[in-house]
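# Summary of the model geometry
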Amino acid sequence: MQLARVTGTVVATVKYPGLEGIKLLIVQPLDRHGEPKGRQVVAADGVAMAGPGELVYIVGAREAAQALPETFVPVDHAIVGIVDAVEPVAGT
Amino acid sequence: MKLARVTATVVSTICAPVFDGRRLLLCDIVDPSGEPTGDYVIAVDVVDAGAGETVLILDEGTGARQIVEMSPAPIRAVVVGIVDQVEEPAGT
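Scope of this entry: the structure provided in the associated data block. Not measured: the values here are computed from a predicted model. (Residues numbered from 1 in each chain as written. Chains lettered and ligands numbered in written order. Predicted model: local features only at pLDDT ≥ 70, side-chain atom pairs only at ≥ 80, totals over all residues.)

Here we come to the nonpolar core. Soluble globular proteins: nonpolar side chains tend toward being buried together. Ranked by size, the top nonpolar core spans 51 residues in total, and within it Tyr57(A), Ile58(A), Ala78(A), Val80(A) and Cys27(B) carry the most contacts. Top contributing element to this core by residue count: strand 1 (residues 2-11) of chain B, with 5 residues. (Core = buried A, V, L, I, M, F, W, Y, C linked by C-beta atoms within 7 Å. Buried ≥ 20, exposed ≤ 12 C-beta atoms within 10 Å, placed from the backbone. Helix = DSSP H or I, 4+ residues; strand = E, 2+ residues; numbered from the N terminus.)

See below:
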């Protein structure tokens, strides 16, 4: 899983069956210091509570669809949690 | 599996059910000599890894879901071992 910042929303009326009601968000993947890394991608919102500006963590590949109610759907990135804090471990 | 070093914990209240009550570690991927490669991964900790420890990361979904005994679940990376030592004999 990687850190990402939600930067926008995507509205798509016509979608593959199973994706109805799934919120699609644009996310910018981040490096471990919180700086943008790579291109923005569209991710399904697996927690149904994420919104623009929030720091989240995303999962890619086949695992992404398993964040959704219907798990056999064409999704390759999903938000699986909202980050409250990234706390450095003492001693590092 | 990958070698990595534990650098931070990720605190997340709103998350996919598979992460409830589990510890998420932000780990820098390292090469066998311990140098950071620049990549990182957020992984679920099942071995009580601590500050600055070098760990083994499983980054594969099916194995990860077996470990957490939940399927389907949007999980891929798990900290599955704490590395004591890496030996690279000269000439290999």
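What follows covers helix 1 (residues 61-68) of chain B. An α-helical turn contains 3.6 residues, so a residue and the one three or four places further along point in the same direction. Residues and elements named next belong to chain B. Listed as buried for helix 1 are Gly 61, Ala 64 and Arg 65. Down the axis of helix 1, the buried side of the element spans an arc of 100 degrees, and every buried residue falls inside it. Lining the buried residues of helix 1 we find strand 4 (54-59) and strand 5 (77-82). (Arc of directions from axis to C-beta. Contact = placed C-beta atoms within 7 Å.)

Bringing the environment of Leu19(A) into the picture now. Residue position: Leu19(A) is located in the loop between strand 1 (2-10) and strand 2 (24-29). Residue classification places Leu19(A) among the partly exposed residues on the basis of 17 C-beta atoms within 10 Å.

The subject of this paragraph is the interface of chain A and chain B. Each partner contributes residues to the interface: chain A has 28 residues there, and chain B has 26 residues. Looking at the side of chain A that touches chain B, the elements with two or more residues in it are strand 4 (55-60), strand 5 (77-82) and strand 6 (85-88) of chain A. Here the side of chain A that touches chain B is built from residues that sort into 16 nonpolar, 7 polar and 5 charged. Here 4 bridges tie strand 6 of chain A to strand 1 of chain B, and the two strands are oriented antiparallel to one another. When the bridges of strand 1 of chain B are listed, Ala85(A) appears paired with Val11(B). (Nonpolar A, V, L, I, M, F, W, Y, C, P; charged D, E, K, R; others polar. Pairing = 2+ DSSP bridges.)

Before going further, it helps to spend a moment on unusual backbone geometry. Residue Pro72(B) is reached from Ser71(B) by a cis peptide bond, and omega for that bond is 0 degrees. Residue position: Pro72(B) is located in the loop between helix 1 and strand 5. A positive phi is found at Ala61(A), a non-glycine position, where the angle reads about 65 degrees. Turning to its location among the elements, Ala61(A) is positioned in the loop between strand 4 and strand 5.

In this section: the pairing of strand 3 (residues 36-45) of chain B. In summary, the side chains of a regular strand alternate between the two faces of the sheet. All names here are of chain B. Bridging between strand 2 (residues 23-30) and strand 3 involves 7 bridges; their strand directions are antiparallel. Across the sheet, the residue bridging to Leu 25 is Ala 43, located in strand 3. Pairing geometry for strand 3 and strand 5, over 2 bridges, is parallel. Counted as the bridge partner of Val 44 is Val 78 from strand 5.

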